[in-house]
Amino acid sequence: IASSIGANTLYFGTESDSIEKLEKIASTIDSEEYEREIKNLLKNSTESFPVLREMALKKLGVDVSCTSNDMLAIEYIRAIKKNELDLNYKAIKRVGAGYNDHSICNVMSASAIRNEFYKTGKILSIPSEGIEFIKSDLENGKFTDVAKLDNLLLQQIILRGPKSIEKAFDCPDGLGYYIYSEAKKCTSSNELSLLSSKNATSARIRRILLYFLFGVEHVDKEPKFSTILATNQKGKNYLNKIKKTTKLSLITKHSDSKKLSKQALSEYELSLKA
């Protein structure tokens, strides 16, 4: 998306100070030696994939102690190189609490902010404008209760069964049966989000379950449109300039969707439904 709209630099947050370290890991993951090593480990070990990935990298002499943000940065670097994009990249070091760190401090993690809100009703560590938005949504009944989605997922898994789960995009063979059997043991829907297996991390399983819930069996990796979240006046001027040249349809208001192709429109409507 960034490349399609003419960006020349992609910025991303990391815990690591060293972009060179991330580049080394990215190039190692795309090497034949790594592919052989990870296949061998998958065949002979019951450990989860992230653990096996770390073991494979260490065997190849690469120091790796990567957090989620670092791994995401590595995937950005790999995608830029694999697709030969004319895109520079720069890392911004994360400050404050770490990813999934639930401690209360000046700069809290997103999961800590949510956790504190659900436990106590307090809204901490976000700008005052954001707090006003949340209070307004709470008063108007617009606030999303994530537990309701979990309950819906649990019901759908039991009702539709493993074969339906396996039709979902990115679901490896056999994973649908694992998810189904584990769902039957769950005493609360929250336990679903903790599932992981040798072939799939908990984050990947959560994505597969969303694809399953919304009936997504195929995803075209070439984006056909992008929705602009926010912009200042300088950004508006830039968007007006590139709208005439970019192949990507940019949506700044709902009426822009009228110009989408049939396939792009179905994807846009699905995102609204979700």
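Heads up: these notes are all about the structure in this document. Fair warning: this is a prediction, and the values are worked out from it, not measured in the lab.

The rules behind the values
- Residues numbered from 1 in each chain as written.
- Predicted model: local features only at pLDDT ≥ 70, side-chain atom pairs only at ≥ 80, totals over all residues.
- Heavy atoms only, no water.
- Helix = DSSP H or I, 4+ residues; strand = E, 2+ residues; numbered from the N terminus.
- Buried < 20%, exposed > 50% of the residue type's maximum accessible area, 1.4 Å probe, protein only.
- Contact = heavy atoms within 4.5 Å.
- Phe/Tyr/Trp six-rings, centres within 6.5 Å; stacked < 30°, edge-to-face > 60°.
- Salt bridge = Lys/Arg side-chain N within 4 Å of Asp/Glu carboxyl O.

With respect to the helices, strands and loops of the structure, Leu265 is situated in helix 11 (residues 262–273). By relative accessible area, which is 27% here, Leu265 ends up partly exposed. Setting aside chain neighbours within four positions, we find Leu265 in contact with Ser257 and Leu260.

The subject of this paragraph is the packing of aromatic side chains. Following the criterion strictly, the structure yields five aromatic pairs and no others. A centroid spacing of 5.5 Å and a plane angle of 20° characterise the contact between Phe12 and Tyr76, whose relative ring orientation is stacked. With Phe12 in strand 1 (residues 9–14) and Tyr76 in helix 4 (residues 68–82), this pair connects stretches of sequence that are 64 residues apart. Since its relative accessible area comes to 4%, Phe12 is described here as buried. Of the aromatic side chains, those joined through ring pairs into one cluster are Phe12, Tyr76 and Tyr89.

Turning our eyes to something else, we now look at the pattern of salt bridges. Counting across every chain of the model gives 11 salt bridges. Across the salt bridge formed by Glu182 and Lys185, the nearest N and O atoms sit 3.0 Å from each other. Taken together, the residues Glu182 and Lys185, both in helix 8 (residues 175–185) and three residues apart, mark about one turn of the helix. One salt-bridge network, in which partners are shared between bridges, spans Asp30, Glu75 and Arg78.

Interpretation in functional terms is not warranted from these geometric data alone.
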